[in-house]
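Results of the structural survey
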Amino acid sequence: MKRYIKRLNLVGVSLLGIGLISGCGSSGNTIQIDDINSSQFLLTDKLPKLHILPVLSDEDGNLSDNKERYTLIANQDVNVKIESPNGDWVTPMWRYNNNPLPVVIRTYRGTDMTLNFHNKLSSDSTIHWHGFKIPADMDGGPDYPVKPNFSKVYSFKMNQPASSLWFHPHPDMQTGKQVYMGLAGVYILDDDISTNLENSKKLPSKDRDIVLLVQDRRFAKEVDGVRELLYKDKSIDSDGMLGDTILVNGSETPKLEVGTAQYRFRLYNVSNAKNYDFAFSDGRDFTIVGTDGGLLKNPVKQNHILLGAAERVEMIVDFSKDKIGTKVALISRAFEDDNMNMGMSGMDSGGGDMQNTDGRVANGTEVNIMRFDINSEIEDDITIYKELPANSEITYRLDPYSADNFGDEREFDMTMAMDGSMAFVINGKKFDLDRVDEFVEANSTEIWNITNNSAMAHPFHAHAIQWQILSRNGIASSGTDLGWKDTFLVKANESVKIIGRFEPINSGDYMYHCHILEHEDAGMMGYFRVGNSGNLDNR
Ligand code: C2O
Ligand code: CU
Ligand code: CU
């Protein structure tokens, strides 16, 4: 209970004020993230330094040919040192290219990509390009598995607006485990618009443009300096795999030393099942300039942002008015969550101490994510753009009246399966690897209506294109919902209407699913076919 009160106090309390709160939740020399108190987190000198994720380089040796080539090898049992305020340990993880950290690929719009994937896992895998507008046979879905010790060449042209994308395995029923074990990478796409904004100092760039990859994990107890990742049977926990340890760029609750300037953070929620309501410990505002599919036409200022699993934002955080020595934490605020396990145990939600004893920290629980230490005086030369140039492809809004299925929108209904399996389903069906569920005309514009009739929030994701959100429960979109999205949270009892345009590049069989990966693996997924042919059997 004491802990809960402290949490309620955390947001909006200034650094000075925090010193007045007494009592400390942790004992001994371990600081557990679930009971660390805010003043400890702001004062401790034990936080590891944030790793900057490594950017792979083009292997074709020619930097001016609009072609790039990369190799991604999925390796099992890569011993990774996890840095932590509690002391470091070693964890065997699954990583690309034996790299101890998640890797980054950064390319320019118009590039022809060749990605050689080698599967060195002992199970099937794929690389799915999350948020990419590419043909279905390059999309890396479960219908194109790559067997152990086999390879696949993914090749496609990147022709979409600058955005913060990512990639991850997507094999049948193994996606959750493989991502959890450490296979996920970042893909940053630049274009003329984003580059001009950077060059004209309307967006921070270079060393003030930083990827923050947030994931929660559960680790087993230490045995001889090693802590194994725990991945439990997904049927045990209907909320999906939730953990008690927050990793940012591979380290537990790290810190980043920053100067007195504006920074651009590409904030990725790459957790299996966790939603975060990101905010700062002093309640400061920040400016969101981008969503999943690219830059926002008009930046949006706010003091928190709820991101479901797989959602991303680009945010500008202003440290220019901070005194040297200031420390500010990025946290996830307590929030109301329609949480299955809470519901079933009859406990009230409300974002408190709802975790059970085995390292599962429920959605809605306040946690510390990382810390920013303002420690140098630097010139802040950035004035954030007010509106994207009118010629940016990304600024238009799709007109619902122009949709090919206007008045007869495609419906997706998320519910619990009726077979007692505790699994979630879409339109009453569990995923079937050989069944196409929806048929979409080539080059069409469609409105989809996603309704959540279950007791918890689900991040809905569809492959192939980027979407615009038209409305939530009939209320027209505003703020960051005006950005392009490939994944968005649909809360319990909410209906989200989206519109999207399938382009000539889109053809074949793609997936839509819940991006709580344990839900997806348990069948909360379906296929849609764009155009009249695909690789799956039916039709
Ligand atoms: Cu990020 Cu179908 O997935
Ligand atoms: Cu995807
Ligand atoms: Cu779900």
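So, here is what we can say about the structure in this document. None of the values given here were measured: they were computed from a predicted structure.

Let's shift gears to the overall build of the protein chain. Of regular secondary structure, the protein chain possesses seven helices and 32 strands. Counting only residues that meet the buried cut, the protein chain has 61% of its 539 residues in that class. For the protein chain, restricting intrachain contacts to residue pairs at least 6 apart in sequence, the fraction spanning at least 24 positions comes to 77%. Surface summary for the protein chain: the accessible area is close to 20400 Å², and the carbon and sulfur share equals 49%.

All right, on to the sheet that holds strand E7 (residues 163-168) then. Paired through backbone hydrogen bonds, the strands of a sheet run either parallel or antiparallel to each other. Pairing is mixed in the open sheet, where four strands are placed in the order E3-E8-E7-E5. Either end of the sheet is taken by a strand with one partner, and the two such strands are strand E3 (104-108) and strand E5 (128-130). If you compare each strand with its neighbour and ignore which way they point, the axes differ by 25 degrees on average. In this structure, E7 lies alongside strand E8 (residues 185-190), joined through five bridges in antiparallel fashion. Pairing of Trp166 across the sheet is with Val186, part of E8.

For the rest of this paragraph, the subject is the nonpolar core. Membership of the largest hydrophobic core comes to 50 residues, with the highest contact counts inside it found for Phe265, Ile369 and Phe372. With five residues, the top contributor of residues to this core is strand E20 (residues 367-376). Residues contacting Phe265, with those up to four places away along its chain left out, are Ile210, Leu212, Leu256, Val313, Glu314, Met315, Val317, Phe319 and Phe372. Judged by nonpolar contacts, the second largest core, of 38 residues, contains Ile82, Val146, Leu189 and Phe219.

When you line up the elements, Asp191 lands in the loop between E8 and helix H5 (192-199). Overall, Asp191 belongs to the buried group, its relative accessible area being 7%. Asp191 has contacts with Tyr108, Arg109, Pro161 and Ala162, leaving out every residue within four places of it along the chain. Of note is the side chain of Asp191, whose polar atom sits 3.1 Å from the backbone nitrogen of Ile193.

So, about the pattern of salt bridges. With the rule as written, the count across this model stands at 36 salt bridges. The salt bridge involving Asp318 is made with Lys321; its shortest N-O contact spans 3.2 Å. One salt bridge connects Glu446 with Arg410, and the closest N-O pair in it is separated by 2.6 Å. Of this pair, Glu446 sits in strand E24 (residues 445-452) while Arg410 sits in strand E21 (residues 410-416); the two residues are 36 residues apart in sequence, bridging distant segments of the chain. By the burial criterion, Glu446 is buried, and Arg410 matches it. One network of salt bridges, in which partners are shared, links Arg106, Asp190, Glu198, Asp209, Arg264, Arg266 and Glu314.

Let us look at the environment of Phe156. Residue placement: Phe156 occurs in strand E6 (residues 151-157). Setting aside anything within four residues of it in sequence, one finds Phe156 in contact with Thr111, Asp112, Met113, Leu115, Trp129, Phe132, Ile134 and Met138.

Looking now at the coordination of the copper ion (ligand 3). On the protein side, the copper ion (ligand 3) has His458 (ND1), Cys514 (SG) and His519 (ND1) as donor atoms, found 2.0 to 2.1 Å from it. Within one chain, the residues serving as donors to the copper ion (ligand 3) are arranged as H-x55-C-x4-H. Like His519, Cys514 is buried.

What follows concerns the pairing of E6. Only one face of E6 is buried, namely the one carrying Lys152, Tyr154 and Phe156, since none of Ser151, Val153, Ser155 and Lys157 on the opposite face is buried. Sheet analysis places strand E4 (residues 112-119) next to E6, joined by seven bridges and oriented antiparallel. Looking at E6, one finds that Leu115 is bridged to Tyr154.

The next thing to look at is the side chain of Asp191. One buried charged residue, Asp191, forms no salt bridge at all, with the nearest opposite charge on Arg109 at 4.3 Å. Polar side-chain contacts of Asp191 include one of 2.8 Å to the backbone nitrogen of Ser194.

We now examine the packing of aromatic side chains. Overall, the coordinates contain 34 aromatic pairs when judged by the stated rule. Pairing Trp448 with Tyr512 gives two aromatic rings, centres 6.3 Å apart and planes at 80 degrees, and the pair type is edge-to-face. Here Trp448 is found in strand E24, whereas its partner Tyr512 is found in strand E31 (residues 508-514), with 64 residues between them in sequence. On the accessibility criterion, Tyr512 (1% relative accessible area) is buried. Taken together, Phe412, Trp448, Phe460, Trp467, Phe488, Phe502, Tyr510, Tyr512 and Phe528 form an aromatic cluster joined through their ring pairs. Its end group placed over the ring of Tyr263, Arg208 keeps NZ or CZ at 5.8 Å from the ring centre. Sitting above the plane of the Trp89 ring, Arg227 keeps its charged end 4.3 Å from the centroid.

This brings us to the sheet that holds strand E1 (residues 67-82). With mixed pairing, four strands are arranged side by side in an open sheet as E2-E1-E4-E6. Unpaired on one side and paired on the other, strand E2 (89-96) and E6 mark the two borders of the sheet. Taking the axes of each pair of neighbouring strands and ignoring which way they run, one obtains an average angle of 25 degrees across the sheet. One ladder, built from seven bridges, connects E1 with E2; its direction is antiparallel. The residue bridging Val78 from the neighbouring strand is Met93, located in E2.

Quick notes on the rules
Residues numbered from 1 in each chain as written. Chains lettered and ligands numbered in written order. Predicted model: local features only at pLDDT ≥ 70, side-chain atom pairs only at ≥ 80, totals over all residues. Heavy atoms only, no water. Helix = DSSP H or I, 4+ residues; strand = E, 2+ residues; numbered from the N terminus. Buried < 20%, exposed > 50% of the residue type's maximum accessible area, 1.4 Å probe, protein only. Contact = heavy atoms within 4.5 Å. Areas by Shrake-Rupley, 256 points an atom, 1.4 Å probe, with all protein chains shown as cover. Pairing = 2+ DSSP bridges. Axes fitted to C-alpha atoms, helices over the stretch in contact; angles between N-to-C directions. Core = buried A, V, L, I, M, F, W, Y, C linked by side-chain atoms within 4.5 Å. Polar contact = N/O pair within 3.5 Å; in protein donor to acceptor, adjacent residues only side chain to side chain. Salt bridge = Lys/Arg side-chain N within 4 Å of Asp/Glu carboxyl O. Donors = N, O, S within 2.8 Å, 3.2 Å for Na, K, Ca; no water. Lys, Arg positive; Asp, Glu negative; His and termini not counted. Phe/Tyr/Trp six-rings, centres within 6.5 Å; stacked < 30°, edge-to-face > 60°. Lys NZ or Arg CZ within 6 Å of the ring centre and 35° of its normal.

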